[in-house]
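# A structural walkthrough
One-letter residues, chain by chain:
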Amino acid sequence: MKITGVEAIPFAIPYRKPLKFASGEVHTAEHVLVRVHTDDGVVGIAEAPPRPFTYGETQDGIIAVIKKIFAPQLIGMTLLQRETIAARLGRTVGNPAAKAAVDMAVWDALGRTLDVQVTDLLGGYTDRMRVSHMLGFDEPAAMVAEAERMRELYGITTFKVKVGRRPMSLDIAVVRALRERFGDGIDLYIDGNRGWTASESAAAMKEMADLRLLFAEELCPADDVLGRRWLVSRLDVPFIADESVPTPADVTREVLAGAATAVSIKTARTGFTGSQRVLHLAEGLGVEVVMGNQIDGQLGSLCTVAFGAAFQLTSRRAGELSNFLDMSDDLLAEPLQIRDGELAIRPGAGLGADLDPDKLERYRQDH
Ligand code: MUC
Ligand code: MG
């Protein structure tokens, strides 16, 4: 069970349909594949999606920190020392996606070594989650058509609508058009990626008061400290903290300050070890959680469902598990399948995922 090597491999896969939102847009998945090797010949895998506009990480930076700092600290440790590994990764500040991918590849390697699924190692609550699809910026008719396509093809009935544009009336028109088209046949919530001010957010929420939103997420910046508290205190739906809570300490600070009343858990940013801490903290504080998506590929989405299915609280709400549908291709030998609005974990040890060697060869950028 000894770690003998940690690889960080850059790869790039274009999006068929780029995702646009208030803090940026993604046209190509320029991610990093992490492979953790052990002396038993086991290889654990995970992927790191750099999001410079959210956490400041880049593809080159992720590779550098893994190769220069994390790999030398991990080699020689065993897969059972996950807390020691987390402590070593924690010596370096920031770099959430790089740390998360290393952590998850270690859990995958452990599952493969023990011949146990990661979901069972974590908590084993269930084996699937309902799927929520993220609708990126477009005209109202196009966003309704996209929701129709997702419901038709995959049975998805929960949608997170990206908002935060100006004029606000465009985003409000989108949410209204979705509710009018589907009635109560869908669940809707919105994510502003900090695009509006607190007062714009309050005005928009007032205009959407009749649209039966489940949640509102990061409508205005958490750094607008008093404005954000003011906004959250006047809403009658939970306010999800996402990019404002990259660590458990941030969750505590934001929730206790009244700046958030729900938490997005992203395995792409807190791995499995850190996501457990965030989940248990949210449970202890008594706030809802949603499994979020950092615009992950299939391997990242599999990590999200592996974690989300492991616990009661994380599997209660639909998880954001479908961004990979907008990619032109992926690395997994057997593609993920969303059916009847659900994504199931993979049978097989660890994450149950194998890479397609030809696809890796085609998309890797280091040769
Ligand atoms: C989200 O929930 O905000 C956009 C940026 C990012 O890091 O994740 C996405 C989705
Ligand atoms: Mg978000």
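Whatever comes next refers back to the structure up there.
This text gives an overview of the structure that appears in the document. Every chain is numbered on its own, with residues counted from 1 as its sequence reads. Written order determines the labels here, with chains lettered from A and ligands numbered from 1. Totals for whole chains, interfaces and linings use every residue, but because this is a predicted model, local features are given only for residues with pLDDT of at least 70 and side-chain atom pairs only at 80 or more, for both listing and counting. For side-chain calculations, the full set of non-hydrogen atoms in the structure is used, while hydrogens and water are omitted.

## A look at the site of ligand 1
- Looking at ligand 1, there are 15 residues lining it, with Lys160, Lys162, Asp191, Asn193 and Asp242 nearest.
- Under the rule applied, a polar contact is a pair of N or O atoms within 3.5 Å (in protein, one hydrogen donor and one hydrogen acceptor; residues adjacent in sequence only if both atoms are side-chain atoms). For ligand 1, an oxygen atom lies 3.4 Å from a polar atom in the side chain of Thr54.
- Between Asn293 and ligand 1, the recorded distance is 3.5 Å, taken from a backbone N or O atom to an oxygen atom.
- Only runs of H or I of at least four residues qualify as helices and only runs of E of at least two qualify as strands under DSSP, and these elements are numbered from the N terminus. Those elements giving two or more residues to the shell around ligand 1 turn out to be helix H1 (52-55) and strand S5 (158-162).
- Split by residue class, the shell around ligand 1 holds four nonpolar, four polar and seven charged. Being near a molecule or strand, for a residue, means having at least one of its heavy atoms within 4 Å of it. Amino acids outside the nonpolar list (Ala, Val, Leu, Ile, Met, Phe, Trp, Tyr, Cys, Pro) and the charged list (Asp, Glu, Lys, Arg) are all regarded as polar, and Gly is one of them.

## Structural notes on the pattern of salt bridges
- Here, a salt bridge means any side-chain nitrogen of Lys or Arg that lies within 4 Å of a carboxyl oxygen of Asp or Glu. Enumeration according to the criterion identifies 25 salt bridges in this entry.
- Close ionic contact of Arg181 with Glu148 constitutes a salt bridge, the shortest N to O distance being 2.5 Å. Here Glu148 lies in helix H6 (residues 140-154) and Arg181 lies in helix H7 (residues 168-182), a separation of 33 residues in the sequence.
- A salt bridge links Asp171 to Arg165; the shortest N-O distance between them is 2.7 Å.
- Each of Lys160, Lys162, Asp191, Glu217 and Glu320 takes part in a single network of salt bridges with overlapping partners.

## What to know about the coordination of the magnesium ion (ligand 2)
- Any N, O or S atom lying within 2.8 Å of the metal counts as a donor, and for Na, K and Ca the limit rises to 3.2 Å; water is left out, so some sites can look incomplete. Here the magnesium ion (ligand 2) is held by Asp191 (OD), Glu217 (OE) and Asp242 (OD), and the distances to it run 2.0 to 2.2 Å.
- One chain supplies every donor for the magnesium ion (ligand 2), spaced along it as D-x25-E-x24-D. A residue pair is termed long-range when its members are at least 10 positions apart, and Glu217 in strand S7 (residues 213-217) and Asp242 in the loop between strand S8 (239-241) and helix H10 (248-256) qualify at 25 residues.
- Partly exposed residues are those whose accessible area sits between 20% and 50% of the maximum for their type, while under 20% is buried and over 50% is exposed, using a 1.4 Å probe and protein chains only. Judged by relative accessible area, which is 2%, Asp242 ranks as buried.

## Observations concerning the sheet that holds strand S1 (residues 3-21)
- Pairing between strands requires that DSSP locate at least two bridges from one strand to the other. The three strands lie next to each other as S1-S2-S3, forming an open sheet whose pairing is antiparallel. The outermost strands of the open sheet, each flanked by one partner alone, are S1 and strand S3 (43-48). Neighbour to neighbour, the strand axes of the sheet diverge by 20° on average, direction disregarded.
- Looking at chain direction, strand S2 (residues 24-38) and S3 are connected through six bridges and run antiparallel. Its bridge partner lying in S3, His37 is registered against Val43.
- Contacts were defined at the residue level, with two residues in contact if any of their heavy atoms lie within 4.5 Å. With axes taken as lines fitted to C-alpha atoms, and helix axes fitted only over the stretch in contact, angles between N-to-C directions fall between 0 and 180 degrees. In the packing of helix H2 (residues 59-74) onto the sheet, contacts are made with S1, S2 and S3, and the angle to S1 comes to roughly 160°.
- Its contacts with the sheet put helix H13 (residues 298-308) on S2 and S3, and the angle it makes with S3 is roughly 105°.

## Focus on the pairing of S2
- Pairing between S1 and S2: 14 bridges, direction antiparallel. Residue pairing in the sheet places Gly5 in a bridge with His37 of S2.
- Connecting S1 to the next strand, S2, in antiparallel fashion are two residues.
- Between the antiparallel neighbours S2 and S3 lie four residues, among them Gly41 with a positive phi of about 85°.

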